[in-house]
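These are the residues of each chain, in order.
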Amino acid sequence: MTDDPVALRSRLLCWFFGGVMARRLRRGFHAVRLARPGWPILPPGRPVIVYLNHPSWWDPALLIVMGTIHFHSRPGYGPIDAEMLRRYRFMRRIGLFGLEPGRAGAVSFLRNAEHILADPRAMLWVTAEGAFTDPRRRPVTLRPGIAHLVRRMPAALVVPLAVEYPFWDERTPEALMRFGTTMEAASLAGLAVPDIAAKLEGRLETVMDQLALDAGSRDPSRFLTLIEGTVGIGGVYDLWRRVRAWAGGQSFSAAHGQVQRKVGQREVKRP
């Protein structure tokens, strides 16, 4: 196969770029969080299709890091705009393969995806909306390729994943995720493609609605914190807060609204 994504993928480069992307996430976000109960249950020996909404260009970086920190025993792959791949050819070495527009691109996607998922350890990550879409937009609409793929791969496990990047109390946003319940592709394979698409869209929309409630709570205890990122506002504002804390005999934390402790006294919150 020309430009075979399986043959081109380098485990060493995936590990290296996983670390690079983790550092970028630390700089770009207050935290990366996974809504409880957390990771999906994935029995070994079955290929996995994770399909998700597509709110931002941060999505590939987030997925690369997820594959590195938790799913490292599963070779990870994903489609990306073919023009972007031609511009950054090294991405072929980290499991990404090109997606052209139109019917020819759809055929190529299915061919590559079936080839990848022939490996029972493989994990395919698909931003199935196909274009940047606000996470509050309803109804959720997916490109038809994902339904065709599920129909062709009855041995696969299928997992919906909701992603969004809201601002809470810090100058940097949160990167929030929620996995839905793992599905058997075989349970959908007997349906017509439009019916499979409707089932997948409904499952993803439910998980996105659940994540919207989690995000709206602004409650970190509803999440597992995977990466701690940037805190504080910086500059004169944080300098002034530091001086106030020192003058009051309190410890200082750059986090906005962080609980600060005064020696021998109860905890107090500072704005």
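The residue numbering used here restarts from 1 in each chain and proceeds along that chain's sequence as written. Given that this is a predicted model, residues contribute local features only at a pLDDT of at least 70 and side-chain atom pairs are listed and counted only at 80 or more, while totals for whole chains, interfaces and linings are drawn from all residues. Only hydrogens and water are set aside when side-chain values are computed; all heavy atoms of the structure are taken into account.

## So, the packing of helix α2 (residues 11-28) against helix α3 (residues 59-69)
The angle between the axes and the distance between the axes are what describe a pair of packed helices. Here an axis means a line fitted to C-alpha atoms, over the contact stretch when the element is a helix, while the angle between two N-to-C directions is reported on a 0 to 180 degree scale. The secondary structure listing takes helices from DSSP runs of H or I that are at least 4 residues long and strands from runs of E that are at least 2 residues long, numbered from the N terminus. Between α2 and α3, whose axes approach to 8 Å, the crossing angle comes to 120°. The angle between α2 and α3 places the two elements in the oblique class. Regarding α2 and α3, the two cross each other, and that crossing is left-handed. Every residue of α3 that contacts α2 at C14, F17, G18, M21, A22 and L25 is listed here: A61, L62, I64, V65 and T68. Residues are grouped as follows: Ala, Val, Leu, Ile, Met, Phe, Trp, Tyr, Cys and Pro are nonpolar; Asp, Glu, Lys and Arg are charged; all remaining types, including Gly, are polar. By residue class, the composition of the contact of α2 with α3 is 9 nonpolar, 2 polar and no charged. Relative orientations are named as follows: roughly parallel for angles under 35 degrees, roughly antiparallel for angles over 145 degrees, roughly perpendicular for angles from 65 to 115 degrees, and oblique for any other angle. By the definition used in this description, the sense in which the near helix is turned from the far one sets the handedness, with an anticlockwise turn below a right angle giving left-handed and a clockwise turn giving right-handed. We call two residues in contact when some of their heavy atoms are within 4.5 Å.

## A short note on the confidence of the model for the chain
How sure the predictor is of each residue is captured by pLDDT, a score from 0 to 100. Across the chain, the average pLDDT comes to 88, with 85% of residues at or above 70. Contacts for the low-pLDDT stretch residues 234-241, under 50 throughout, to residues beyond four places or in other chains number 14 contacts. Within the model, pLDDT remains below 50 along residues 259-271, and this stretch shows 32 contacts once partners closer than five positions in the same chain are excluded.

## What about unusual backbone geometry?
A cis amide bond links R36 to the next residue, P37, at an omega of 15°. Checked against the element boundaries, P37 lands in the loop between β1 (31-35) and β2 (48-52). With omega at 0°, the peptide bond leading from R138 into P139 counts as cis. As for its placement among the helices and strands, P139 is situated in the loop between β5 (123-127) and α6 (145-152). For R218, which is not glycine, the phi torsion reads 55° and is therefore positive. With respect to the helices and strands, R218 occurs in the loop between α7 (193-217) and β9 (223-228).

## Here we look at the pattern of salt bridges
A pair is scored as a salt bridge if a Lys or Arg side-chain nitrogen falls within 4 Å of a carboxyl oxygen belonging to Asp or Glu. The final tally for this structure, using the stated rule, is 12 salt bridges. Among the ionic pairs, E83 bridges to R86, the shortest N-O distance being 3.2 Å. In this pair, E83 and R86 both sit in helix α4 (residues 82-87), 3 residues apart, roughly one turn of the helix. The buried label applies to any residue whose accessible area, calculated with a 1.4 Å probe on protein chains only, is under 20% of its type's maximum; exposed applies above 50%, and partly exposed to all values in between. Look at R86 and you get partly exposed, because its relative accessible area is 41%. Where salt bridges share partners, they join E83, R86 and E100 into one cluster.

## Observations concerning the nonpolar core
Within soluble globular proteins, side chains that are nonpolar generally end up buried alongside one another. Definition of nonpolar core: a set of buried residues of the types Ala, Val, Leu, Ile, Met, Phe, Trp, Tyr and Cys, connected through side-chain atoms within 4.5 Å. With 39 residues, the main nonpolar core has Y51, L124, L142, I146, L149, V150 and L200 as its most contacted residues. Elements with a minimum of two residues in this core: β2, α5 (102-117), β5, α6, β6 (157-164) and α7. When residues no more than four places from it in sequence are discounted, the contact partners of L124 are V48, I49, V50, Y77, G78, P79, F97, A113, I116, L117 and L149.

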